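A structural walkthrough
Given next are the chains, with one letter for each unit.
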Amino acid sequence: MVTMHARARTVGADCPHCGSASARVHGRYTRRLSDATVGGTSVVIELLVRRFKCENPACRAVTFAEQIAGLTSPHARYTPQVRRQLTSIALVLAGRAGARLAGALGLPVAKDTLLRLVRAAPEDPVGKIRVLGVDDFALRKGDSYATILVDLERRCPVDVLPGRDAEPLAAWLKDHPEVEIICRDRAGAYAEGARVGAPQAQQVADVWHLWHNLGEAVEKTVSTHYACVRAAFENSVPAAPPTSDDIWLTPPEPAAAMLDVCGRDRRLVTRTRERYTAVRQLLDDGSTLEEICRTLRLDRSTVRRFARAGSIDELLVKATNRSTILDEYKPYLNQRWNEGCHDSTQLHKEIATSGFVGSIQTVRRYLRPLKAAIAAPPVPRPAPRPRRIVRWIMTDPGHLTADEATDLKEVQVGCHELDAVTRHVRDFAAMMRDLRGDQLLSWMERVLADDLPALHSLVNGLSRDIDAVTAGLSTSWSSGQVEGHVTRTKLFKRQGYGRANLDFLRKRVLLTP
């Protein structure tokens, strides 16, 4: 450590309370100030400070300590340069990590000191804002949230509000009547807050959230009509003409996804049906979701999923449409079975050499239904997963591979409803790409003309927010920047280790470049 001794050479000093000059020295004491390091070595300045007696009888201060410009400030233990360095470290790394870095740089400091420095840092004035972005983020997911406000023209956050209700946003907007455009998601609270706080502003619904809502409706539709998809792909397998050496006595039907190898309902299917029936019954009796959770001893998210399902088929598709580690080896097992190899141990060894990591019991369960037949039936063509079909529908046709385009065409041919959904999605994508919000009403009419309940629900929601949705499809403004700042805010939140409150997080969001 390097210690430097210094003292002031001025004759007198001005009283910080009344401003009058004084040259009467009341006493002296030594202040220790941490300064910037030299070659990685800590530097401490021992400053001899004089305390003057105020000569103004009307001043409330009897004595005052002299301050040296650029070096000291009242009660400070760091020079202004070190204070700026520590504040910068705390803004970037927060308390614990910042304290470790500062110690390595020769500026030992406690993590709580860094938190206090950030909280005391001054904020820049907000200034005039014309285009505002609004979005929420979780402080504790499912428990507490906050709202971030971003100036989309300057591309920087301007404030962080507690909660995600309409009142704080409306109060903030009333203090900024210059706001002309507000970009937001489709949350009703933000729509109400913007309407009350800034009636003069145009609300713009974010296109990403619109596209996401459309994707959710498409996924529900695919789940509802997945039986059509499965039938279309299974029936597309060409049947090979039987020969005298390749005929099974009683050809077993391929086990359905909802049946086990013995032809009984799988336990998962039975449990899903029982839970769905119980939840629907309690809902019909007027029970709330919380009461159903307590009665059935289920998690709230599970009860909410069962309550929102349009039918039991929608739940069974997600519950039973799961791949297994044996799927890619089934054609080989059928081929070897038809060749006369019925030894499950031998077949397990053969596929194990090709990378199969399952147990022999998995192979035995698959081969058990084949023992009643002379030859194994052809393996049915597996249907694509529902989410894969959703991805095909939501992807630009020019970005699909040839195989994906062929499979999607087969899905469209096998199900009229999914064909209609594909056409509606592509029309909506064209509106988004070309900024043709004026076509929204005609698109909604075409959707309502088809038997698509999930998309009808989406259209009803768009109708309640029609002005903002039309503006979102007609302008280039969106909440993309806001989502980026939300991602950065989540990083700040995790760096804080849960030690600091919203005020500290707000300072980091606003002051970190």
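Conventions we followed
Residues numbered from 1 in each chain as written. Predicted model: local features only at pLDDT ≥ 70, side-chain atom pairs only at ≥ 80, totals over all residues. Heavy atoms only, no water. Core = buried A, V, L, I, M, F, W, Y, C linked by side-chain atoms within 4.5 Å. Buried < 20%, exposed > 50% of the residue type's maximum accessible area, 1.4 Å probe, protein only. Helix = DSSP H or I, 4+ residues; strand = E, 2+ residues; numbered from the N terminus. Contact = heavy atoms within 4.5 Å. Patch = residues over 30% accessible without salt bridge, like charges linked within 9 Å, V, L, I, M, F, W, Y side chains within 5 Å. Areas by Shrake-Rupley, 256 points an atom, 1.4 Å probe, with all protein chains shown as cover. Salt bridge = Lys/Arg side-chain N within 4 Å of Asp/Glu carboxyl O. Lys, Arg positive; Asp, Glu negative; His and termini not counted. Charge placed at Lys NZ, Arg CZ, Asp CG, Glu CD. Phe/Tyr/Trp six-rings, centres within 6.5 Å; stacked < 30°, edge-to-face > 60°. Polar contact = N/O pair within 3.5 Å; in protein donor to acceptor, adjacent residues only side chain to side chain. Pairing = 2+ DSSP bridges. Axes fitted to C-alpha atoms, helices over the stretch in contact; angles between N-to-C directions.

Let us now look at the nonpolar core. With 38 residues, the main nonpolar core has V218 and W443 as its most contacted residues. Where this core is concerned, the elements lending two or more residues are helix 5 (207-224), helix 6 (226-234), helix 14 (386-394), helix 15 (402-414), helix 16 (416-434), helix 17 (440-448), helix 18 (453-464) and helix 19 (466-472). Residue contributions to this core peak at six residues, all from helix 16. Those residues in contact with V218 that sit more than four places away from it in its chain are V390, I393, M394, V421, V425 and L455. Listed in part, the 19 residues of the second largest apolar core include A94, L107, L115 and A121.

Together, R364, R365, R368 and K371 make up a positively charged patch on the protein surface. You can see R364 is positioned in helix 13 (residues 360-367). Under the relative-accessibility criterion, R364 is labelled partly exposed at 34%.

This paragraph deals with the side chain of S479. As for its position among the elements, S479 is in the loop between helix 19 and helix 20 (480-495). Apart from residues lying up to four places away in sequence, S479 is in contact with C183, R184 and D206.

Another aspect to go through is the packing of aromatic side chains. Considering all chains together, one arrives at four aromatic pairs under this definition. Where Y329 meets F356, the ring centres are 5.4 Å apart and the plane angle is 75 degrees; that geometry is what we call edge-to-face. Here Y329 is found in the loop between helix 10 (312-320) and helix 11 (330-338), whereas its partner F356 is found in the loop between helix 12 (344-352) and helix 13, with 27 residues between them in sequence. Take Y329: its relative accessible area is 10%, and that puts it in the buried class. According to the relative accessible area criterion, F356 is buried, its value standing at 5%.

This part takes up the environment of T147. Assignment of secondary structure puts T147 in strand 8 (residues 144-151). Judged by its relative accessible area of 1%, T147 is buried. A C-alpha to C-alpha distance of 31 Å links T147 and E291, two positions 144 residues apart in sequence. Excluding residues within four positions of it along the chain, T147 makes contact with V134, D135, D136, F137, D159, V160, L161, G163, R164 and Y190. Within the structure, T147 has its side chain in polar contact with the side chain of Y190 (distance 2.8 Å).

This part takes up the environment of R391. Among the secondary structure elements, R391 is positioned in helix 14. As a C-alpha pair, R391 and L71 span 320 residues in sequence and 62 Å in three-dimensional space.

Another point: the pattern of salt bridges. For the structure on display, the rule yields 21 salt bridges. D136 serves as the salt-bridge partner of R164, at 3.2 Å between the closest nitrogen and oxygen. Placement of the pair is R164 in the loop between strand 9 (156-162) and helix 3 (166-174) and D136 in strand 7 (residues 131-140), with a sequence separation of 28 residues. Judged by its relative accessible area of 38%, R164 falls in the partly exposed class. By relative accessible area, D136 is classed as buried at 17%. Ionic contacts of the salt-bridge type, sharing partners, join the residues E123, D159, R506 and K507 into one network.

Paired through backbone hydrogen bonds, the strands of a sheet run either parallel or antiparallel to each other. Taken together, five strands build an open sheet; the order of strands is 9-8-7-10-11 and the sheet is mixed. Both outer strands of the open sheet, strand 9 and strand 11 (202-205), are each paired with one neighbouring strand and no more. Here the average twist between neighbouring strands, direction ignored, is 25 degrees. Sheet topology places strand 8 next to strand 9; six bridges connect them, and they run antiparallel. Residue L149 lies in a different strand from strand 9, and its bridge partner there is D159. Together, strand 7, strand 8 and strand 9 form the strand contacts of helix 20, whose direction differs from that of strand 7 by roughly 30 degrees. Across the sheet, helix 21 (residues 502-511) touches strand 7, strand 8 and strand 9, and the angle it forms with strand 9 is around 170 degrees.

This paragraph deals with the side chain of D136. A distance of 3.2 Å separates a polar atom in the side chain of D136 from a polar atom in the side chain of R164. Contact partners of D136, with chain neighbours within four places excluded, come to Y145, A146, T147, R164, D185, Y190 and V486.

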